[in-house]
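# Residue-level structure breakdown
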Amino acid sequence: KTIQLHSNENDDYINSLKINTNLKVIKTVSVQNISDFKKLNNFNKNDYFLLDYKPKINELPGGNSKQFDWSILKNLEISKPWFLSGGINISNIKKIKNFANPDGIDLSSGVEETPGKKNIQMIDDLLKKYHE
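Residues numbered from 1 in each chain as written. Predicted model: local features only at pLDDT ≥ 70, side-chain atom pairs only at ≥ 80, totals over all residues. Heavy atoms only, no water.

## Considerations on the overall build of the protein chain
Helix and strand counts for the protein chain come out as three helices and seven strands. Traced from its N-terminal end to its C-terminal end, the protein chain shows the element sequence β-α-β-β-β-α-β-β-β-α. For the protein chain, the C-alpha radius of gyration of 15 Å lies close to 14 Å, the compact-globule estimate for 132 residues. Taking all 132 residues of the protein chain together, the buried fraction comes to 36%. By sequence separation, contacts in the protein chain at least 24 residues apart represent 41% of the contacts at least 6 residues apart. Within the structure as shown, the protein chain displays about 8,200 Å² of accessible surface, and the carbon and sulfur contribution to it stands at 48%. For the protein chain, the distance from the average site of its 19 positive side-chain charges to the average site of its 16 negative ones is 2 Å. (Helix = DSSP H or I, 4+ residues; strand = E, 2+ residues; numbered from the N terminus. Rg over C-alpha atoms; globule rule 2.2 N^0.38 Å. Buried < 20%, exposed > 50% of the residue type's maximum accessible area, 1.4 Å probe, protein only. Contact = heavy atoms within 4.5 Å. Areas by Shrake-Rupley, 256 points an atom, 1.4 Å probe, with all protein chains shown as cover. Lys, Arg positive; Asp, Glu negative; His and termini not counted. Charge placed at Lys NZ, Arg CZ, Asp CG, Glu CD.)

Below, the structure written as structure tokens:
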């Protein structure tokens, strides 16, 4: 079982959570530019990272259907398994391969027919496109 954290959790909190729940922890790191990758060094207790678009002050903390510049992922080495999130849809899914090979992708609004309602066919089509 796994939990995904999106706030200001630190290593102490993550460690306590893991000890008390036996959950694996995905720590989200918001990315706008290459200097944001330095934040990865602040976390040692999590099991995975999720790299996501860094919202601007007036934007929601997630679900913005926006992506950061994936080209900054090129040649990035991350010591733990990691996932990519933020604005992933059928029109850009293959672009990921140009810059990185994440251990997984986090899909949301890019496979929704209406807000909050995932469409199985859209998910299937996106996965087929990725594997072309």
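## Thoughts on the sheet that holds strand 2 (residues 24–31)
Pairing is parallel in the open sheet, where five strands are placed in the order 1-2-3-4-5. Looking at strand neighbours, the two that pair on one side only are strand 1 (2–5) and strand 5 (104–106), the edges of this open sheet. For this sheet, the mean angle separating the axes of adjacent strands, direction not counted, is 25 degrees. The sheet contact formed by strand 1 and strand 2 spans four bridges and is parallel. Along strand 2, the bridge assignment pairs T2 with K24. (Pairing = 2+ DSSP bridges. Axes fitted to C-alpha atoms, helices over the stretch in contact; angles between N-to-C directions.)

## Notes on the side chain of D52
By the secondary structure assignment, D52 is in strand 3 (residues 48–53). One buried charge, D52, has no salt-bridge partner; the nearest side chain with opposite charge is K27, at 11 Å. (Salt bridge = Lys/Arg side-chain N within 4 Å of Asp/Glu carboxyl O.)

## Here we look at unusual backbone geometry
Even without glycine at this site, N22 takes up a positive phi of about 60 degrees. By the element assignment, N22 lies in the loop between helix 1 (11–21) and strand 2. You can call N22 exposed: its relative accessible area is 68%. With phi around 65 degrees, N75 is a residue other than glycine that occupies positive phi space. Within the element layout of this structure, N75 appears in the loop between strand 3 and strand 4 (82–85). Residue classification places N75 among the exposed residues on the basis of a relative accessible area of 72%.

## Description of the pattern of salt bridges
Opposite charge on two side chains permits pairing when their charged atoms draw close. Within this structure, the stated rule accounts for six salt bridges. One salt bridge in this structure joins D36 and K39, with 3.5 Å as the shortest N-O distance. For K39, a relative accessible area of 27% translates into the label partly exposed. The partner of K94 in a salt bridge is E132, with the nearest N and O atoms 3.7 Å apart.

## A short note on the pairing of strand 3
The element strand 3 is extensively covered by neighbouring structure, given that five of its six residues are classed as buried. Taken together, the six bridges between strand 2 and strand 3 define a ladder with parallel strand orientation. Directly across from V31, in strand 3, lies its bridge partner Y53. Examined bridge by bridge, strand 3 and strand 4 share three bridges and lie parallel to one another. Looking across to strand 4, one finds that F49 is bridged to W82.

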